[in-house]
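Structural characterization, general
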Amino acid sequence: MSHVLEPASSGRAKCRGCGRPIEKGELRFGERMPNLYGEGDMTLWFHLACATWRRPEAVTEFLEEGGDVEVDRSALQAATEHHRLQRIAGVERASSGRARCRHCRETIDKDTWRIRLAFYEEGTFNPSGFIHMACAQGYVGTAELMPLLETLGAVPDNADKTEIAALLHRC
Ligand SMILES: [Zn+2]
Ligand SMILES: [Zn+2]
C-alpha cells in the first residue's frame, strides 16, 4: 500500500496532525491504511511537515518507496528517535488543578502551562492526558519541542514563546 503526496484538490480536508485545514493547492501527505470501518483502503491526510513529526514511520516508508520530496530530515530523525514526540499535541494553561502528569504522577497546578498529549490509535490521535512542561525531557527523552509545536501551530497566540521554551528546559 503506497502513501501519496499531492496538491490538495480542495480546501476542505483537515490535517490529522494539527487539526488545521489543508489549503487548496498545498502539498498534502496521504497515509494509506486498510479501512478500519469497511472494505478497501482509507487515506489520512496531513500537511507534509505535520506528518514528518507525527507519522514519521509513514513518511519514511514513502521515501523508501521512492517518494521524491524534500522533507525536514532533522524533524524526521528526531521524531523517529524519540517516539513519544508523536504524542505531543500542544501546550495550554491548565484549566483545573485536577489532572495528574503522566510522567511524574503529581498534579498539575491550575493556570500553569502543561503539555497536551494525544495517542495515535487506529488512524486518529485521541486526547490522552497531560504532562508538566518540565517533565518533557523525562517523558519524551528530549526537551526540544519548540520546532514540533511551531509546525503544529500548537503554541497559543497569547503565549510567550521564550517563556514556553524556558519552561521546557527547566528540568
Ligand atoms: Zn498539519
Ligand atoms: Zn510531571
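One can find the structure itself at the top, above this paragraph.
Read on for a plain summary of the structure. Quick caveat, the model's predicted, so the values are computed rather than measured.

1. Considering unusual backbone geometry
- Positive phi outside glycine occurs at Asp-111, with the angle close to 70°.
- Position of Asp-111 among the secondary structure elements: in the loop between strand 4 (88-93) and strand 5 (113-121).

2. Overview of the coordination of the zinc ion (ligand 2)
- Around the zinc ion (ligand 2), the protein contributes the donor atoms Cys-101 (SG), Cys-104 (SG), His-132 (ND1) and Cys-135 (SG), at 2.1 to 2.4 Å from the metal centre.
- Its four donor atoms give the zinc ion (ligand 2) angles of 96 to 119° at the centre, a pattern that matches the tetrahedral case.
- Linear spacing of the donor residues for the zinc ion (ligand 2) on their chain is C-x2-C-x27-H-x2-C. Residue Cys-104 is located in the loop between strand 4 and strand 5, and its partner Cys-135 is located in the loop between strand 6 (124-132) and helix 4 (136-140); the two are separated by 31 residues in the primary sequence.
- Judged by relative accessible area, which is 12%, Cys-135 ranks as buried.

3. Side note on the sheet that holds strand 3 (residues 41-47)
- The strand order across the open sheet built from three strands is 1-2-3, with neighbouring strands paired in antiparallel fashion. With one partner strand each, in any of the chains shown, strand 1 (4-7) and strand 3 form the two edges of the open sheet. When strand polarity is set aside, the average angle formed by the axes of neighbouring strands in this sheet is 30°.
- Both strand 1 and strand 2 (residues 27-34) contribute to a ladder of four bridges, which runs antiparallel. Bridging across to strand 2, Val-4 finds its partner in Gly-30.

4. A few points about the sheet that holds strand 5
- Strand order across the open sheet formed by three strands is 4-5-6, with antiparallel pairing between neighbours. Of all strands in the sheet, those with a lone pairing partner are strand 4 and strand 6, marking the two edges. If you compare each strand with its neighbour and ignore which way they point, the axes differ by 30° on average.
- Of the strand pairs in this sheet, strand 4 and strand 5 are connected by five bridges, and their pairing is antiparallel. Bridge pairing in strand 5 links Val-91 to Ile-115.

5. Structural notes on the nonpolar core
- If you look at the biggest cluster of nonpolar residues, it comprises 55 residues, and the most contacted ones within it are Ile-115 and Ile-164.
- Per element, the largest residue contribution to this core is five residues, and it comes from strand 5.
- Viewed by domain, this core spans two of them, domain 1 (4-81) and domain 2 (83-168), each represented by three or more residues.
- Apart from the residues within four sequence positions on either side, Ile-164 is in contact with Val-91, Trp-113, Met-133, Met-146, Val-155 and Ala-159.

Cut-offs applied
Residues numbered from 1 in each chain as written. Chains lettered and ligands numbered in written order. Predicted model: local features only at pLDDT ≥ 70, side-chain atom pairs only at ≥ 80, totals over all residues. Heavy atoms only, no water. Helix = DSSP H or I, 4+ residues; strand = E, 2+ residues; numbered from the N terminus. Donors = N, O, S within 2.8 Å, 3.2 Å for Na, K, Ca; no water. Tetrahedral: all angles 85-135°; square planar, octahedral: opposite > 155°, others 65-115°. Buried < 20%, exposed > 50% of the residue type's maximum accessible area, 1.4 Å probe, protein only. Pairing = 2+ DSSP bridges. Axes fitted to C-alpha atoms, helices over the stretch in contact; angles between N-to-C directions. Core = buried A, V, L, I, M, F, W, Y, C linked by side-chain atoms within 4.5 Å. Domains from an automatic or database assignment. Contact = heavy atoms within 4.5 Å.

Everything listed is a geometric property; what it means functionally is a separate question.
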